[in-house]
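These are the residues of each chain, in order.
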Amino acid sequence: MKNTTATNALIAPTFNGRSPVSANNFQINPNRPFIVKGLLLAGQVGMIAGEPNLGKSAIMSCIASHVAMGRNMAGMRVKRAAVLYVAAEDPEGILERAYPYMHNAPDGAAAFEVLDVVPDLTDPREVKEFLKYAEAFREYHQCDDLLIVFDTLNLSIGDADENSARDMSRVFRHAQFIAKSSGAHVLFIHHVGTADRGRPRGSSAMTGTLDTLLTLVKAEDDNGNAAMLLQKKQKRIRKGEALAFRIEAFDAGTDDDGDIFTVPIAVPYKHDNSLVISDEKPKKSSAKPAISGARANEVLRLLKGMAKHDPEKWFSQKEIVGLVGEPFNDIRENQDTLRRAVSRTLGTLEKAGSVEKNGAAYRFASSVEVIEDNAVDKVPTLH
């Protein structure tokens, strides 16, 4: 006789071991993980496309420098991240364009490195090898976040045809794999088409696949050397306002003949919290921010990173003030407030035994041991 009262619970079906997510139980997370808030999100693929000679490399070097130092840029919040810049076209030129921002930062203070070995993003084996390298690079520099730049797209795709939808779909599928696996933002530098300068050159498949598309256009300025970075596409966030940059000449010294040598520098029109040195006097402020765990971690990370390169070196409070990043951005415009905040943070870390003090100078307390423990822990070579 059948038991008519017994019931069997239905088991939800799965596909390849995965179950769907219930829409009516889904909770939105408003805190999108970002590299540059409102511009570049973590775990996504983006592109900057523009005509030649508009300053793409200078502007990208500007953005990357702010990311490496954890400095807000043109009013946009920036999260400190390791920057791996794959410069297939002109690696020395990228280093020159980053020089105005980065040359005063000691080794270990910021992770912005240029690689001239380019993976073929159509080859799954090379993609996996590069992913392994990128994750080791981030771990070596002890950063939670990562920005990967491929400059340019057409030199990173082997023998593939940028006009082929099939080839470009494979390239961007691999780029998404790198982004999602590492949590990095993967950003391509590319050119626009000759017929339509408002979209990237090549197959429309790349535009459809991208999470973020930024196009660079010439802007009006007194000296003509200006460009606007337009947000043409943002898949997960609202498209923001355009960013304006001036392309200027930075005095990098003199050559053997005594002539001034300059390199290009991209300067955001809005200077608040940027790395550009300003002659303006700081405004008075009565703000007295409390010492936060984030600020203590930032100072400790900074000293620990620099100790990996020179365990015996001491750094003045003034040097540390000039190097701290994101957790201090809200008070950066007031140098007195910034100096006091760093001083209080250093005092707290000294009492905790995390840093050593020698007169008015500081260093990571366990610097010698850290170097010994990690002496063979190097970023693997990418073949």
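Residues numbered from 1 in each chain as written. Predicted model: local features only at pLDDT ≥ 70, side-chain atom pairs only at ≥ 80, totals over all residues. Heavy atoms only, no water.

Novice: Looking at this model, I keep getting lost on the packing of helix α1 (residues 56-69) against helix α2 (residues 91-102). Mind explaining?
Specialist: Packed helices, taken two at a time, are described by the angle their axes make and the gap between the axes. Look at α1 against α2: their axes get within 9 Å of each other, and the N-to-C directions meet at 45°. In terms of their interaxial angle, α1 and α2 are classed as oblique. Once α1 is placed against α2, the crossing between them reads as right-handed. Each of S57, A58, S61, C62, S65, H66, A68 and M69 in α1 lies in contact with α2, whose residues at this interface are I94, R97, A98, Y101 and M102. Here the contact of α1 with α2 is built from residues that sort into 8 nonpolar, 4 polar and 1 charged. (Axes fitted to C-alpha atoms, helices over the stretch in contact; angles between N-to-C directions. Helix = DSSP H or I, 4+ residues; strand = E, 2+ residues; numbered from the N terminus. Parallel < 35°, antiparallel > 145°, perpendicular 65-115°, else oblique. Left-handed = near helix turned anticlockwise from the far one by under 90°. Contact = heavy atoms within 4.5 Å. Nonpolar A, V, L, I, M, F, W, Y, C, P; charged D, E, K, R; others polar.)

Novice: Before we go on, may I ask you to explain the pattern of salt bridges in this structure?
Specialist: Oppositely charged side chains are able to pair whenever their charged atoms sit close together. For the structure on display, the rule yields 11 salt bridges. Of the charged contacts in the structure, one is a salt bridge between R246 and E248, with a shortest N-O distance of 2.7 Å. Within this structure, R80, E298 and R301 form a network of salt bridges that share partners. (Salt bridge = Lys/Arg side-chain N within 4 Å of Asp/Glu carboxyl O.)

Novice: Please explain the sheet that holds strand β12 (residues 315-316) as it appears in this structure.
Specialist: The strands that make up a sheet pair up through hydrogen bonds in the backbone, lying either parallel or antiparallel. Strand order in the open sheet made by the 3 strands is β12-β14-β13, with antiparallel pairing throughout. Taken across any chain shown, the strands that pair with only one partner, and hence form the sheet edges, are β12 and β13 (355-358). As judged from the 4 bridges shared by β13 and strand β14 (residues 361-364), these two strands associate in the antiparallel manner. Each bridged residue has a counterpart across the sheet, and for N358 the counterpart in β14 is A361. (Pairing = 2+ DSSP bridges.)

Novice: Can you help me understand the nonpolar core in this one?
Specialist: In a soluble, globular protein the nonpolar side chains are often hidden away together inside. With 66 residues, the main nonpolar core has V36, L40, M60, I63, V67, L303 and I320 as its most contacted residues. Here this core gets 9 residues from one element, more than from any other, and that element is α1. F150, I157, A160 and M206 belong to the second-largest nonpolar core, a separate cluster that totals 35 residues. (Core = buried A, V, L, I, M, F, W, Y, C linked by side-chain atoms within 4.5 Å. Buried < 20%, exposed > 50% of the residue type's maximum accessible area, 1.4 Å probe, protein only.)

Novice: Just checking my understanding: could you explain a nonpolar patch on the surface for this structure?
Specialist: Together, V21, F26 and I28 make up an exposed nonpolar region whose accessible area comes to about 370 Å². If you trace the backbone, F26 turns up in the segment before β1 (34-36). (Patch = residues over 30% accessible without salt bridge, like charges linked within 9 Å, V, L, I, M, F, W, Y side chains within 5 Å. Areas by Shrake-Rupley, 256 points an atom, 1.4 Å probe, with all protein chains shown as cover.)

Novice: Even after reading the chapter, I still don't get unusual backbone geometry, so can you show me in this structure?
Specialist: Only a minority of non-glycine residues have a phi that is not negative, and only a minority of peptide bonds are not trans. Residue T152 is bonded to the preceding D151 through a cis peptide linkage, with omega at 10°. Note on placement: T152 falls in the loop between β6 (146-151) and α4 (165-182). A positive phi angle is found at A74, which is not glycine, with a value near 50°. Topologically, A74 is positioned in the loop between α1 and β4 (82-87). Overall, the relative accessible area of 18% leaves A74 in the buried class. One non-glycine residue, Q142, adopts positive backbone phi at about 55°. Within the fold, Q142 resides in the loop between α3 (124-140) and β6. A residue is classified by how much of its surface remains accessible, and Q142, at 36% relative accessible area, is partly exposed.

Novice: Where do I start with the sheet that holds β6 in this structure?
Specialist: Ordered in space as β5-β4-β6-β7-β3-β8-β9-β10-β11, the 9 strands form an open sheet in which the pairing is mixed. The open sheet has two free edges, formed respectively by β5 (112-115) and β11 (260-268), since each of these has just one partner strand. Going across the sheet, the axis of each strand differs from the next one's by a mean of 25°, ignoring polarity. Across 4 bridges, the pairing between β4 and β5 is parallel. Considered in β5, the bridge of L84 is made with E113.

Novice: Is there a simple way to explain the side chain of Q234 in this structure?
Specialist: As for its placement among the helices and strands, Q234 is situated in strand β9 (residues 226-234). Side-chain polar atoms of Q234 contact the backbone oxygen of L39, separated by 3.0 Å. At a separation of 2.8 Å, a polar atom in the side chain of Q234 contacts the side chain of T212. (Polar contact = N/O pair within 3.5 Å; in protein donor to acceptor, adjacent residues only side chain to side chain.)

Novice: Would you mind going over helix α6 (residues 293-309) with me for this structure?
Specialist: The end-to-end C-alpha distance of α6 is 25 Å, a good match for the 24 Å that 17 residues give at a rise of 1.5 Å each. Those residues of α6 that sit buried are R295, A296, E298, V299, R301, L302, L303, G305, M306 and A307. (Expected span 1.5 Å × (residues − 1).)

Novice: Explanation requested: the environment of C143 in the structure shown.
Specialist: Relative to the elements of secondary structure, C143 occurs in the loop between α3 and β6. Note: C-alpha distance between C143 and R80 (63 residues apart in sequence) is 7.8 Å. Residues contacting C143, with those up to four places away along its chain left out, are A81, A82 and R138.

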